[in-house]
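Breakdown of the fold
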Amino acid sequence: MERLTLDEQLSAAAMARHWVCDHCPDEHLPVARRWIAELLTSELVQNALDHGRGPVVLSLTHDAEGILVGITDGEDRVPTLRAQSPQATDGRGIALVDALATAWGVYRSDEVGAEAGGDGAGWWPQPRDEGSPAKTVWFHLATR
């Protein structure tokens, strides 16, 4: 597993999306699917910066099945999938993740070690002091 800690700065989402693609071999994330990984990473990092508390930690692992990306921040409130009107100017990030990821979910720091999210994402350790609130929003993107 690889990690990147992001500071609150305007370039954090761009840095995160480039970092994910730079750290995934083509056999785990084909070039044709990189734009999806870039978009979903950027959306979730920006959500963490806008609605969470820092630092924001980006985690990445990959295998023959695809990639698993997690974004951890210091806020235990979880994002929700909301209905969108055509006139909405924000709030589409989770809808994009839901539409484009193979799977996604959220787990809180008190769920570490459990199968939080149901897809094995609960094994990610939280990079925070014990007892402080945190959550990880994760997505899986299949190779094909």
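Just above sits the structure.
For the structure given in this document, a descriptive report is provided here. The model shown is predicted, which means the values in this text are computed figures rather than measured ones.

So, the overall build of the protein chain
Helix and strand content of the protein chain: three helices and five strands. Listing each helix as α and each strand as β along the protein chain from the N terminus yields β-α-α-β-β-α-β-β. Taken across its 144 residues, the protein chain has 43% of its residues classed as buried. Look at the contacts in the protein chain between residues 6 or more apart in sequence, and 68% of them connect residues 24 or more apart. Summed over all atoms, the accessible surface of the protein chain reaches about 7500 Å², with 49% contributed by carbon and sulfur.

Quick notes on the pattern of salt bridges
Inspection of the entire model under this criterion finds four salt bridges. With its nearest N and O atoms 3.9 Å apart, the salt bridge here joins Glu-75 to Arg-53. One end of the pair, Glu-75, is in the loop between strand S3 (66-73) and helix H3 (93-100); the other, Arg-53, is in the loop between helix H2 (31-51) and strand S2 (56-63), with 22 residues separating them in the sequence. Glu-75 sits in the buried class, given a relative accessible area of 18%. Each of Arg-53, Glu-75 and Arg-77 takes part in salt bridges that share partners, so that together they form one network.

Comments concerning the packing of H2 against H3
Packing of H2 against H3 leaves a shortest axis separation of 9 Å and a crossing angle of 150 degrees. Here the hand of the crossing between H2 and H3 comes out left-handed. Packed against H2, whose contacting residues are Trp-35, Ile-36, Leu-39, Leu-40, Glu-43, Leu-44 and Asn-47, the element H3 presents Gly-93, Ile-94, Leu-96, Val-97 and Leu-100 at the interface. Within the contact of H2 with H3, the residues separate by chemical class into nine nonpolar, two polar and one charged.

A look at the sheet that holds strand S1 (residues 2-6)
Ordered by their spatial adjacency, five strands build an open sheet running S1-S2-S3-S5-S4, and the pairing between neighbours is antiparallel. Every interior strand has two partners, whereas the edge strands, S1 and strand S4 (103-108), have only one. Between one strand axis and the next, the sheet turns by 15 degrees as a mean value, whatever way the strands run.

Re the layout of surface pockets
What the largest pocket holds in volume is close to 490 Å³. For the lining of the largest pocket, the secondary-structure elements that each account for two or more residues are H2, S3, H3 and strand S5 (135-142). Of all the elements, H2 adds the most residues to the lining of the largest pocket, at five residues. Of the residues contributing to the lining of the largest pocket, the split by class is nine nonpolar, seven polar and eight charged.

Topic: the nonpolar core
With 29 residues, the main nonpolar core has Leu-6, Val-20, Leu-58, Ile-67, Val-69, Ile-71 and Phe-139 as its most contacted residues. Looking at this core, the elements that each hand over two or more residues are S1, helix H1 (12-22), H2, S2, S3, H3 and S5. No other element matches H2, which puts seven residues into this core. With near-sequence residues (within four places) excluded, Phe-139 lies in contact with Ala-37, Leu-40, Thr-41, Leu-44, Ile-67, Leu-68, Val-69, Val-97, Ala-101, Ala-103 and Trp-104.

Procedures and definitions
- The residue count restarts for each chain, going from 1 along the sequence in the order it is written.
- The predicted nature of this model means local features are confined to residues of pLDDT at least 70 and side-chain atom pairs, given and counted, to a pLDDT of 80 or more, with totals for whole chains, interfaces and linings taken over all residues.
- In computing side-chain properties, one takes all heavy atoms of the structure into account and sets aside hydrogens as well as water.
- Going along the chain from the N terminus, every DSSP run of H or I of four or more residues is numbered as a helix, and every run of E of two or more is numbered as a strand.
- We call a residue buried when its accessible area falls under 20% of the maximum for its residue type, exposed when it is over 50%, and partly exposed in between, using a 1.4 Å probe and counting protein chains only.
- Residue contacts follow a heavy-atom distance rule, with two residues in contact if any of their heavy atoms lie within 4.5 Å.
- Surface exposure here means Shrake-Rupley accessible area, sampled with a 1.4 Å probe, where a residue is shielded only by the protein chains that are shown.
- The term salt bridge refers to a side-chain nitrogen of Lys or Arg lying within 4 Å of a carboxyl oxygen of Asp or Glu.
- Angles shown run from 0 to 180 degrees and are taken between the N-to-C directions of axes, each axis being a line fitted to C-alpha atoms and, for helices, limited to the stretch in contact.
- Take the far helix as the reference: if the near one is turned anticlockwise from it by less than a right angle, the crossing is left-handed, and if turned clockwise, right-handed.
- Charged means Asp, Glu, Lys or Arg here, nonpolar means Ala, Val, Leu, Ile, Met, Phe, Trp, Tyr, Cys or Pro, and polar covers whatever is left, Gly included.
- Following DSSP output, two strands are said to pair if at least two bridges run between them.
- The distinction between a cavity and a pocket rests on a 1 Å grid over the protein atoms alone: a 1.4 Å probe fits inside a cavity but cannot get out, while a pocket stays open yet meets protein on both sides within 12 Å along at least five of seven lines, and a residue with an atom within 4 Å of a point counts as lining.
- Grid points are joined across faces, edges and corners, and a volume is the space filled by probe spheres set on the points.
- By nonpolar core we mean a set of buried residues, namely Ala, Val, Leu, Ile, Met, Phe, Trp, Tyr and Cys, connected to one another through side-chain atoms within 4.5 Å.

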